[in-house]
Amino acid sequence: MTEAKSGDTVRLHYKGTLDDGSVFDSSEGRDPLEFTVGSGQIIPGLDKAIPGMKIDDEKIVRVEAAEAYGPHNPAAKQAVPRSNIPENVPLEVGLQLQAQTENGQMMSVTVVEVSDDEVILDANHPLAGKDLTFEIRLIGIN
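If you're wondering where the values come from, they're calculated on a predicted model, not measured in any experiment.

Chemist: Which residues make up the packing of aromatic side chains, and what are the values?
Modeler: Inspection of every chain in the model, using the stated rule, returns one aromatic pair. Relative to Phe134, the ring of Phe24 lies with its centre 5.7 Å away and its plane at 85°, an arrangement referred to as edge-to-face. Taken as a pair, Phe24 in strand β2 (residues 23-26) and Phe134 in strand β9 (residues 132-141) lie far apart in primary sequence, 110 residues in all. Residue classification places Phe24 among the partly exposed positions, given a relative accessible area of 26%.

Listed below in structure tokens is the structure:
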């Protein structure tokens, strides 16, 4: 039976959980995740677990933060004057926004604090600094 290797396009079903057991993402009820092994399309720790798997293989993969979304970077938080945010944006803690960097790139930020004068935005990925566990089942190799 064929084993997945770098360069193969694979399809897998997965469930991702945090250390407290809460599910942060799952393919349940959706199409399987499809990506090319070794291409950098998914987090490194999960990508490294795929080579050697065969169709219908299942495994549990523990991915440390450094091999997932990286450590939480305190420097990625920034205070922005409230006046810089359009009035029609309903600011509340946890809201995800798209912001434009100085060089024109778009990036996702999360509102972490709101006051009358300023808004604290966090550009860290919501899963930065977290160790992740994935239950995976390989269902296709091309």
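Chemist: Can you break down the sheet that holds strand β5 (residues 77-81) residue by residue, with the values?
Modeler: For sheets, the rule is that strands pair by backbone hydrogen bonds, running either parallel or antiparallel. Sheet architecture is open: four strands sit in the order β5-β8-β7-β6, paired in antiparallel fashion. Strands with a single pairing partner mark the edges of an open sheet, and in this sheet they are β5 and β6 (96-100). Within this sheet the neighbouring strands show an average axis-to-axis angle of 45°, counted without direction. Two elements, β5 and strand β8 (residues 118-122), share five bridges in a ladder whose sense is antiparallel.

Chemist: Go over the side chain of Thr17 with me, naming the residues and quoting the values.
Modeler: By the element assignment, Thr17 lies in strand β1 (residues 9-17). The exposure class of Thr17 is buried, given its relative accessible area of 12%. Those residues in contact with Thr17 that lie beyond four places of it in its chain are Ser22, Val23, Phe24, Asp131, Leu132 and Thr133.

Chemist: Got a sec to walk through the pattern of salt bridges? Specific residues and values, please.
Modeler: Scanning the model with the defined rule gives nine salt bridges in all. Put simply, Glu67 and Lys48 hold a salt bridge, and the shortest N to O gap is 2.8 Å. Placement of the pair is Glu67 in the loop between β4 (58-63) and β5 and Lys48 in the loop between α1 (44-47) and β4, with a sequence separation of 19 residues. What makes Glu67 partly exposed here is its relative accessible area of 29%. By relative accessible area, Lys48 is classed as exposed at 58%. Note that Glu64 is salt-bridged to Arg62, the shortest N-O span being 3.6 Å. For Glu64, a relative accessible area of 41% translates into the label partly exposed.

Each value, and the rule that gives it
Residues numbered from 1 in each chain as written. Predicted model: local features only at pLDDT ≥ 70, side-chain atom pairs only at ≥ 80, totals over all residues. Heavy atoms only, no water. Phe/Tyr/Trp six-rings, centres within 6.5 Å; stacked < 30°, edge-to-face > 60°. Helix = DSSP H or I, 4+ residues; strand = E, 2+ residues; numbered from the N terminus. Buried < 20%, exposed > 50% of the residue type's maximum accessible area, 1.4 Å probe, protein only. Pairing = 2+ DSSP bridges. Axes fitted to C-alpha atoms, helices over the stretch in contact; angles between N-to-C directions. Contact = heavy atoms within 4.5 Å. Salt bridge = Lys/Arg side-chain N within 4 Å of Asp/Glu carboxyl O.

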